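Below, each chain spelled out in residue letters.
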Amino acid sequence: MIALGSDHAGLPLKKEIIALLEEMHLPYHDYGTYTGDSCDYAVFAQRAAKAVVSGECERGILCCGTGIGMSIAANKFPGVRAAAASDGFSVRLTRQHNNANILCLGQWDVGVKRALELVDLFVSTPFDGVNTRHQKRLDLITEIENQIK
């Protein structure tokens, strides 16, 4: 299951992503927003991030104007590895090396065609594995998160 969220600026892109996920037969839950009325991105980042951390959803995709605000808000949750990305190289590596569990996209800078390509890459690229140098680095991040609690 994929957690989806957007603010008003990212809503048109989120609707395109929903169409793609349905075409791919991938289950999702949309945590809002549902209208073009001005709203605060952090509210929807929080809803989706909580779903990913709880295990209700395996991954998440968040959309706002730039993707940056969503990534900042989502990364406040221990266990979230949200990446704002606008190119395939970054999306592929953030999945392979960082095991990113939330992709954040910007309506204003990515464009629909590229965004859909990035979503496809995000959902199809696996993490390189738990017995790699990448897992060691993720474990260090978890240690940092645990120190802050």
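Here, the structure is the one placed above.
Criteria and thresholds
Residues numbered from 1 in each chain as written. Predicted model: local features only at pLDDT ≥ 70, side-chain atom pairs only at ≥ 80, totals over all residues. Heavy atoms only, no water. Helix = DSSP H or I, 4+ residues; strand = E, 2+ residues; numbered from the N terminus. Rg over C-alpha atoms; globule rule 2.2 N^0.38 Å. Buried < 20%, exposed > 50% of the residue type's maximum accessible area, 1.4 Å probe, protein only. Contact = heavy atoms within 4.5 Å. Lys, Arg positive; Asp, Glu negative; His and termini not counted. Charge placed at Lys NZ, Arg CZ, Asp CG, Glu CD. Phe/Tyr/Trp six-rings, centres within 6.5 Å; stacked < 30°, edge-to-face > 60°. Lys NZ or Arg CZ within 6 Å of the ring centre and 35° of its normal. Polar contact = N/O pair within 3.5 Å; in protein donor to acceptor, adjacent residues only side chain to side chain. Axes fitted to C-alpha atoms, helices over the stretch in contact; angles between N-to-C directions. Parallel < 35°, antiparallel > 145°, perpendicular 65-115°, else oblique. Left-handed = near helix turned anticlockwise from the far one by under 90°. Nonpolar A, V, L, I, M, F, W, Y, C, P; charged D, E, K, R; others polar. Core = buried A, V, L, I, M, F, W, Y, C linked by side-chain atoms within 4.5 Å. Pairing = 2+ DSSP bridges.

1. What about the overall build of the protein chain?
Check the secondary structure of the protein chain and you find six helices and five strands. In the protein chain, the succession of α and β elements from N to C terminus is β-α-β-α-β-α-β-α-β-α-α. Relative to a compact globule of 149 residues, whose C-alpha radius of gyration would be 15 Å, the protein chain shows 14 Å and is just as compact. In terms of overall dimensions, the protein chain has a C-alpha envelope of 40 × 30 × 25 Å along the principal axes. The burial tally for the protein chain puts 44% of its 149 residues in the buried class. For the protein chain, restricting intrachain contacts to residue pairs at least 6 apart in sequence, the fraction spanning at least 24 positions comes to 70%. Looking at the protein chain, you have 15 positive and 17 negative side-chain charges, and the mean spots of the two groups are 6 Å apart.

2. Quick notes on the packing of aromatic side chains
One pass over the structure, following the stated rule, counts zero aromatic pairs. The ring of Phe122 has Arg59 sitting right over it, with the charged end atom 5.5 Å from the ring centre. The positively charged end of Arg95 is found above the aromatic ring belonging to Phe122, 5.9 Å away from the centroid.

3. Observations regarding the side chain of Thr125
Following the sequence through the fold, Thr125 ends up in the loop between α5 (112–124) and α6 (133–148). Given a relative accessible area of 6%, Thr125 falls into the buried group. Looking at Thr125, its side chain comes within polar contact range of the main-chain oxygen of Leu121, at 2.7 Å.

4. A word on the side chain of Asp7
Relative to the elements of secondary structure, Asp7 occurs in the loop between β1 (2–6) and α1 (11–23). When neighbours within four sequence positions are excluded, Asp7 is seen to be in contact with Thr33, Cys39, Tyr41, Phe44, Cys63, Cys64, Gly65 and Met70.

5. Notes on the packing of α1 against α5
Their axes nearest at 10 Å, the elements α1 and α5 cross at an angle of 45°. In terms of orientation, α1 lies oblique with respect to α5. Relative to α5, the crossing made by α1 is right-handed. When α1 is examined against α5, the residues Leu13, Glu16, Ile17, Leu20 and Leu21 are found in contact with a partner set consisting of Val112, Ala115, Leu116, Val119 and Asp120. When the residues that make up the contact of α1 with α5 are grouped by side-chain class, the tally is eight nonpolar, no polar and two charged.

6. Examining the nonpolar core
Proteins that are soluble and globular tend to have nonpolar side chains buried together. Counting 20 residues, the largest nonpolar core has Leu4, Ile17, Ile61, Leu105 and Val119 as its most contacted members. Counting only elements with at least two residues in this core, the list comes to β1, α1, β3 (59–64), β5 (102–106) and α5. Broken down by element, this core gets its largest block of residues, five residues, from α1.

7. Points about the sheet that holds β5
The strands that make up a sheet pair up through hydrogen bonds in the backbone, lying either parallel or antiparallel. Overall, parallel pairing links the five strands, which are arranged β2-β1-β3-β5-β4 in an open sheet. Both edges of this open sheet fall to β2 (28–30) and β4 (82–84), since each of them pairs with a single strand only. Between one strand axis and the next, the sheet turns through 20° on average, direction left out of account. Two strands pair when backbone bridges link them, and β4 and β5 are joined in this way by three bridges, in the parallel orientation. Opposite Ala83, over in β5, you have Leu103 as the bridge partner. On the sheet, α5 packs against β1, β3 and β5 and is oriented at approximately 175° with respect to β5.

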